[in-house]
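Overview (structure and organization)
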Amino acid sequence: MKLFALIIVIMTGATLIYSTLEMPNWGDPNSPASLHVSPRYIEKTLEETATPNAVTSVLADYRGYDTLGETTVIFTAAVVCILLLRRFEDDKTV
Amino acid sequence: MIRLYDDLIIQTVCRIMIPFIQLFALYVITHGHYSPGGGFQGGCILGASFILMVIAYDIKWMKKRFSEYTNIFMIAFGVFIYAFVGLICIILGAEYLNYGILHKVLPADPVKVRALATLGIEISVGITVMAVMVSIFLNLATFGKHERGEV
Amino acid sequence: METIIGKYNYWIYIALMMIGFYAMIAKRNLVKKVVGMNIFQTAIILFFISIAYKRDATIPILIKSQEVINPSQYINPLPHVLMLTAIVVMVSTFGVALAIIMMLYNQYKTLDEDEIIEILKKK
């Protein structure tokens, strides 16, 4: 069973390493990820949101809806933890 | 459960350190516009200070300062502030979470008011993250029996 | 040689990711499985952060005195934002998984996956 798992892991790793040969080099300023949408964030963050830190302005302003979703996720996680584990002293059902 | 074990050195050092940790956490939250930081990071530091109280003393000592009722209230309160700021934008006549329209109610121009609203968002996220960290830690460490557990 | 220098960071993350993947599918202890999932997520976070890097660039906090902003001077802020939220979500999902595992231990008095299946078959 463990040998079977090891074979699967090695095959997956080999496939991923083969696919990295097409990826851009590390630190390449012209990689596709840094050409499409991020230059606009960097150029406009000061004049549109008056916030020098681009990470904060993207987090709370440009993509605020995303952050609302993340906050809801951790809210749900805390509620699930309380519902699953919390037992009060006067609770007779446990 | 972990047995209660009073150590004078740890308790004294924690008593001195905790106010500075909390002050630093508030600095990280409010200075997120100009330096690395923000709601998530500052909330984690603030939650760590309460967890340090529980580790150095015990749950009862911490609950005198930050009760469970307040904790559960804060988890929901942060999300509520965030959604409510978005709702105000709809009421004033813009899209959801489009903070520029808030210049009708706040004394600033439409660009500066976005930075102000961002600060409000960071504070609400910080409140939620802090309360969630403390809540998850307490429930996992004592199996949900806060009254019996001595951690 | 140029391939090795340009791509070795991806290979390190793939090695880390495969360690987590092996722990997820081969280990029988439920806590070890969840820790493997955490290692997997850490590898993905490191991968995204390394995508953001540009050579000779600094952190994306703008210098106010600058007149013209050159985007190649600052690293890409978008992966940092996504991973910042992903780290907090990782912690909270870890908490939920541990809570569920604690309830399972309360019920079956074991953390081993196969033993839990044995107990379920007997019923």
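All of the points below concern the structure found in this document. (Residues numbered from 1 in each chain as written. Chains lettered and ligands numbered in written order. Predicted model: local features only at pLDDT ≥ 70, side-chain atom pairs only at ≥ 80, totals over all residues. Heavy atoms only, no water.)

**Digging into the side chain of E68(B)**
Secondary-structure assignment places E68(B) in helix α4 (residues 68-92). For E68(B), a relative accessible area of 18% corresponds to the buried category. A distance of 2.6 Å separates the side chain of E68(B) from the side chain of R86(A), its partner in a polar contact. Those residues in contact with E68(B) that sit more than four places away from it in its chain are R86(A), F88(A), K63(B) and H146(B). (Helix = DSSP H or I, 4+ residues; strand = E, 2+ residues; numbered from the N terminus. Buried < 20%, exposed > 50% of the residue type's maximum accessible area, 1.4 Å probe, protein only. Polar contact = N/O pair within 3.5 Å; in protein donor to acceptor, adjacent residues only side chain to side chain. Contact = heavy atoms within 4.5 Å.)

**Regarding the interface of chain A and chain C**
In this complex, chain A contributes 45 residues to the contact, which on the side of chain C involves 46 residues. For the pair chain A and chain C, the summed buried area comes to about 4300 Å², and 76% of that belongs to carbon and sulfur atoms. Our enumeration of links across chain A and chain C arrives at 0 salt bridges. Counting the contacts that link chain A with chain C gives 12 residue pairs in polar contact (both at pLDDT 80 or more). (Buried area = accessible area lost by both parts, 1.4 Å probe. Salt bridge = Lys/Arg side-chain N within 4 Å of Asp/Glu carboxyl O.)

**A word on the environment of R55(C)**
Here R55(C) shows up in the loop between α2 (30-52) and α3 (77-108). The partly exposed category is assigned to R55(C), whose relative accessible area is 46%. When the C-alpha atoms of R55(C) and I75(C) are compared, they prove to be 8.6 Å apart, with 20 residues separating the residues in sequence. Once you skip the residues sitting within four places of it in the chain, R55(C) turns out to touch W26(A) and G27(A). Within the structure, the side chain of R55(C) is placed 2.9 Å from the backbone oxygen of W26(A), a separation counted as a polar contact.

**Quick look at helix α2 (residues 39-56) of chain B**
A rise of 1.5 Å per residue sets the reference length of α2(B), with its 18 residues, at 26 Å; its end C-alpha atoms lie 26 Å apart and thus fit the reference within 8%. Elements in contact with the buried residues of α2(B): α3 (54-62) and α4 (64-85) of chain A, α1 (8-30), α3 (59-65) and α5 (112-142) of chain B together with α3 of chain C. (Expected span 1.5 Å × (residues − 1).)

**Some points on the interface of chain B and chain A**
Between chain B and chain A, the residue contacts involve 39 residues of the former and 26 residues of the latter. When chain B packs against chain A, close to 2800 Å² is buried across both sides, 67% of that on carbon and sulfur atoms. Where chain B meets chain A, there are 2 salt bridges. Here D61(A) makes a salt bridge to R114(B), at a shortest N to O gap of 2.9 Å.

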